[in-house]
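Fold and contact review
Okay, here's what each chain looks like letter by letter:
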Amino acid sequence: VDMNDRESLVHAVQTCLSSKVVSQNSDLLAPLAVDSVLGILGPNPSEAVNVDLRDVRMVEQLGGTVDDTELVPGLVFDKGSTKTAGGPSQIENAKIALIQFCLSAPKTDMDNNVVVSDYAAMDRILRDERKYILNMCKKIKKSGANVVLIQKSILRDAYNELSLHFLAKMGILVVTDVERTDVEFVCRTLGCTPVPHVDSLSSEKLGSAEHVGDVVLPGSGHKVVKFVGVANPGRTSTVLLRGSNELVLAEANRSVHDAQCVVRSLVKQRFLIAGGGAAETEAALRLRELAL
């Protein structure tokens, strides 16, 4: 099997999907599964000897039908951007920063309570908090970033309304609650470097994309954030799965993964044999000849 022969690969994958619940959608899912794997093999698929399916990210989104499933040559987050402060929802020529520090007032390591009885002292605390957060937002803006991805924090609030307000005023699109497990995939796709402290944020650590923006999905009204036109130095791809209920989504996810495993098997060993017991029949015929 030649890995450049896409049609043969699609036929093999359709055979795999024919026994699945989503078999009626195999005309869409088979080419999608093949393209998602070929996309991470690089410019010369025929030279590849293995493929890591963790480089293909599955994003499930309830609503619509399986026919709405698509392969995104970039990155998709399964929630829209944070627009509580009226920030932008579409950014062209995006410079993307992935921050791991918190855009909120600092806290001590141990639980404590500060009792403030003086109004002047209370105003000073609020003023210092505002100044502290504003300085961090200014440093983010100074780095040249116009899209900020904020990693989810378990110690304290990763962001607050004040920080979102300042970033919105600066024209920065914000995506919050990026899971720790997704950080490596995001960095490889966008070409950015995670920033653990605001002082280490610089233009060299930013990723890039031609367009970043909210997209309303048909059939559900849900919003997702799409990153399109990424350089993709890590060679990754994203499959946006749609389904009318959780059961269909889970079945579609398993079926597409099985289809990708078929392509991976062909990358490792480039042979196909006919089905329907043809191999067993051939072995039986040869054994019969030897026996007689």
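Read on for a plain summary of the structure.

Each value, and the rule that gives it
- Residues numbered from 1 in each chain as written.
- Predicted model: local features only at pLDDT ≥ 70, side-chain atom pairs only at ≥ 80, totals over all residues.
- Heavy atoms only, no water.
- Buried < 20%, exposed > 50% of the residue type's maximum accessible area, 1.4 Å probe, protein only.
- Helix = DSSP H or I, 4+ residues; strand = E, 2+ residues; numbered from the N terminus.
- Pairing = 2+ DSSP bridges.
- Salt bridge = Lys/Arg side-chain N within 4 Å of Asp/Glu carboxyl O.
- Polar contact = N/O pair within 3.5 Å; in protein donor to acceptor, adjacent residues only side chain to side chain.
- Contact = heavy atoms within 4.5 Å.
- Phe/Tyr/Trp six-rings, centres within 6.5 Å; stacked < 30°, edge-to-face > 60°.
- Axes fitted to C-alpha atoms, helices over the stretch in contact; angles between N-to-C directions.
- Expected span 1.5 Å × (residues − 1).

Topic: the pairing of strand E9 (residues 237-243)
Burial analysis of E9 places 7 of its 7 residues in the buried class, which makes it a mostly covered element. A two-sided burial pattern is seen for E9, the buried positions comprising Ser 237, Val 239, Leu 241 and Gly 243 on one face and Thr 238, Leu 240 and Arg 242 on the other. Pairing between strand E1 (residues 56-62) and E9: 7 bridges, direction parallel. Within E9, the position partnered with Val 59 by the bridge is Leu 240.

What to know about the pattern of salt bridges
As enumerated under the stated definition, the model contains 12 salt bridges in all. The shortest N-O distance in the salt bridge between Arg 57 and Asp 182 comes to 3.2 Å. Placement of Arg 57 in strand E1 and of Asp 182 in the loop between strand E6 (173-178) and helix H5 (183-190) is noted, with a sequence separation of 125 residues between them. Just as Arg 57 is buried, Asp 182 falls in that class too.

Focus: the side chain of Lys 226
Looking at the secondary structure, you find Lys 226 in strand E8 (residues 223-230). Its relative accessible area of 14% is what places Lys 226 among the buried residues. A distance of 3.0 Å separates a polar atom in the side chain of Lys 226 from a polar atom in the side chain of Glu 70. When residues no more than four places from it in sequence are discounted, the contact partners of Lys 226 are Glu 70, Val 72, Leu 75, Val 76, His 211, Val 212, Gly 213, Val 215 and Leu 240.

Examining the packing of aromatic side chains
Throughout the structure, instances matching the rule amount to 1 aromatic pair. Seen from their ring centres, Phe 77 and Phe 227 are 5.6 Å apart, and the 70 degrees between their planes marks the pair as edge-to-face. Within this pair, whereas Phe 77 is found in strand E3 (residues 74-77), its partner Phe 227 is found in strand E8, the two being separated by 150 residues in sequence. Among the residues examined, Phe 77 registers a relative accessible area of 5% and is labelled buried.

Observations regarding the sheet that holds strand E7 (residues 207-216)
Strand order in this open sheet of 6 strands is E3-E8-E7-E4-E5-E6, and the pairing throughout is mixed. Of all strands in the sheet, those with a lone pairing partner are E3 and E6, marking the two edges. Neighbour to neighbour, the strand axes of the sheet diverge by 30 degrees on average, direction disregarded. Sheet topology note: the strand E4 (residues 90-99)/E7 ladder contains 6 bridges and is antiparallel. Residue Lys 95 lies in a different strand from E7, and its bridge partner there is Ser 208.

Section: the side chain of Ser 26
Turning to its location among the elements, Ser 26 is positioned in helix H2 (residues 26-38). A polar side-chain atom of Ser 26 sits 3.0 Å from the main-chain carbonyl oxygen of Ser 23. In this structure Ser 26 touches Gln 14, Leu 17 and Pro 31, once residues within four positions along its chain are discounted.

Focus on H2
Under the 1.5 Å per step criterion, the end-to-end length of H2 is 18 Å for 13 residues, consistent within 8% with the ideal 18 Å. For H2, the buried fraction is high: 10 of the 13 residues fall into the buried class. Those residues of H2 that are buried lie in contact with helix H1 (6-17), E1, strand E2 (70-72), E9 and helix H6 (246-268).

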